[in-house]
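# Analysis of the macromolecular model
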Amino acid sequence: MSVVNIQGIGMTSQRTRDRLIERLRAKGIKDENVLEVMRNTPRHIFMDEALASRAYEDTALPIGSGQTISQPYIVARMTEVLLAGEKRLGKVLEIGTGSAYQTAILAQLADQVFSIERIQHFIPRAKKILAMLELRNVNLKHYDGYKGWASFAPYDAIIVTAAPDEVPPELLHQLAEGARLVIPSGEQGQQQLLCITREGDDFIRQNLDMVSFVPLVKGTRL
Ligand code: SAH
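Residues numbered from 1 in each chain as written. Predicted model: local features only at pLDDT ≥ 70, side-chain atom pairs only at ≥ 80, totals over all residues. Heavy atoms only, no water.

## Notes on the site of the ligand
- Inspection of the region around the ligand gives 26 residues, with Ser70, Ser99, Glu117, Gly145 and Val217 positioned closest.
- A distance of 2.9 Å is found between an oxygen atom of the ligand and a backbone nitrogen or oxygen belonging to Ser70.
- Separating an oxygen atom of the ligand from a side-chain N or O atom of Ser99 is a distance of 2.6 Å.
- The fraction of the free accessible surface of the ligand (580 Å²) that becomes covered by protein chains is 99%.
- Placement of the ligand is best described as lying within the largest pocket.
- Sorting the residues of the shell around the ligand by element identifies β2 (67-69), β3 (91-95) and β4 (112-117) as the ones contributing at least two each.
- Of the residues forming the shell around the ligand, the biggest block, three residues, is contributed by β2.
- Grouping the constituent residues of the shell around the ligand by class yields twelve nonpolar, ten polar and four charged. (Near = heavy atom within 4 Å. Polar contact = N/O pair within 3.5 Å; in protein donor to acceptor, adjacent residues only side chain to side chain. Areas by Shrake-Rupley, 256 points an atom, 1.4 Å probe, with all protein chains shown as cover. 1 Å grid on protein atoms, 1.4 Å probe; cavity = no way out; pocket = protein on both sides within 12 Å on 5 of 7 lines; lining within 4 Å. Sits in = over half its atoms within 2 Å of the grid points. Helix = DSSP H or I, 4+ residues; strand = E, 2+ residues; numbered from the N terminus. Nonpolar A, V, L, I, M, F, W, Y, C, P; charged D, E, K, R; others polar.)

## Section: the sheet that holds β4
- Spatial ordering of the open sheet is given by β5-β4-β3-β6-β7-β8-β9, a layout of seven strands whose pairing is mixed. With partners counted over all chains shown, the strands left at the sheet margins are β5 (138-142) and β9 (202-211), one partner each. With strand direction ignored, the average angle separating the axes of adjacent strands in the sheet is 15°.
- Relative to strand β7 (residues 175-185), helix α3 (residues 72-83) is tilted by about 160°, and along the sheet it contacts β6 (155-160), β7, β8 (191-199) and β9.
- Helix-sheet contacts for helix α5 (residues 122-132) involve β4 and β5, and the interaxial angle to β5 is about 170°. (Pairing = 2+ DSSP bridges. Axes fitted to C-alpha atoms, helices over the stretch in contact; angles between N-to-C directions. Contact = heavy atoms within 4.5 Å.)

## Section: the nonpolar core
- Grouped together as the largest cluster of nonpolar side chains are 54 residues, with contacts concentrated most on Leu24, Met38 and Phe46.
- Take this core: its biggest share by element is seven residues, from α3.
- Sequence-distant contacts of Leu24, defined by excluding residues within four places in its chain, comprise Ile29, Leu35, Met38, Asp58, Pro72, Tyr73 and Ala76.
- Grouped together as the second largest cluster of nonpolar side chains are 22 residues, Ile183, Leu194, Ile196 and Leu216 included. (Core = buried A, V, L, I, M, F, W, Y, C linked by side-chain atoms within 4.5 Å. Buried < 20%, exposed > 50% of the residue type's maximum accessible area, 1.4 Å probe, protein only.)

## Some words on the layout of surface pockets
- Here the largest pocket is characterised by a volume of approximately 490 Å³.
- Along the walls of the largest pocket sit 35 residues, with Gln67, Gly96, Thr161, Ala162 and Val214 positioned nearest its centre.
- Secondary-structure elements contributing two or more residues to the lining of the largest pocket are β2, α3, β3, α4 (101-107) and β4.
- The greatest single-element share of the lining of the largest pocket, amounting to three residues, is contributed by β2.
- Its residues assigned to classes, the lining of the largest pocket shows 19 nonpolar, twelve polar and four charged. (Points joined across faces, edges and corners; volume = space filled by probe spheres on them.)

Dropping the structure here:
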C-alpha cells in the first residue's frame, strides 16, 4: 500500500471529517474525548489511495488480505465503552491491528497500547503510519491474539477487532481487576458485541449491539 502524504490533509477533508463526527453524534456517540480524537485523526492515511476518497463515510473498507478497516461508528462505540469503565486507561491490549486506525485512536486516549496482529505484513505498514502521526506509545507484535500478550498483563482494558466463536479464556485472564474486555463474538451473520468486566474471579457479561466483524483466526501467517 502506498500511504497518502499527510500534508495533503487540507480544509476540504477537515470539513468532511467534521461531517463524519456529526454523524457519529447522531448515531448516539456521546464521549467528547472520543469524538475529538476521531475528528483529529486522518482516516484516509490508513487505507489504500484508491479508496481514500471514501475514508470519511461511516463504513468498513477493504485493506487487503481479506481484512477491513472497521466502520468509524464501531471504532467510536467500542472506544467509548472502554472509556466508560471504572479503570483509567493505563495499559490497553488490542487484538487485530489491521490498518492501525483503531490503534491510533486508542494511543491518543491511553498511556500505552499493545497491539497484536496475525498477518505479518500489516505490522511494518502500521509502524510507518503510527510514526508519521508521532504516536510513540504503541507496541506491535506479530502473534496469535487468542493467546493475548502475557508479559505485559494485566491490562486496564482489552479490545478485540475480529470475532471469535467463543471468548478466548486467555484474554479474560489478562484483565486487571475491574477492567473491561470489549469483543464481538459469534458466528458470521449473528455476532454480538460484548462488554465483559472482571470482578475477582467473576466475569460480568453485558450484551451490546449486533455487529459484523471478520473472524478471529487461530495462528499466524505472512
Ligand atoms: N482494527 C482494525 C481491524 C482490522 S480487521 C482496523 O480497523 O483496521 C481485523 C484484524 O484482526 C485483521 O487485521 C486480522 O488479520 C486480525 N486478526 C484476525 N485473527 C487474529 C488473531 N488470532 N490474532 C491477531 N490478529 C488477528
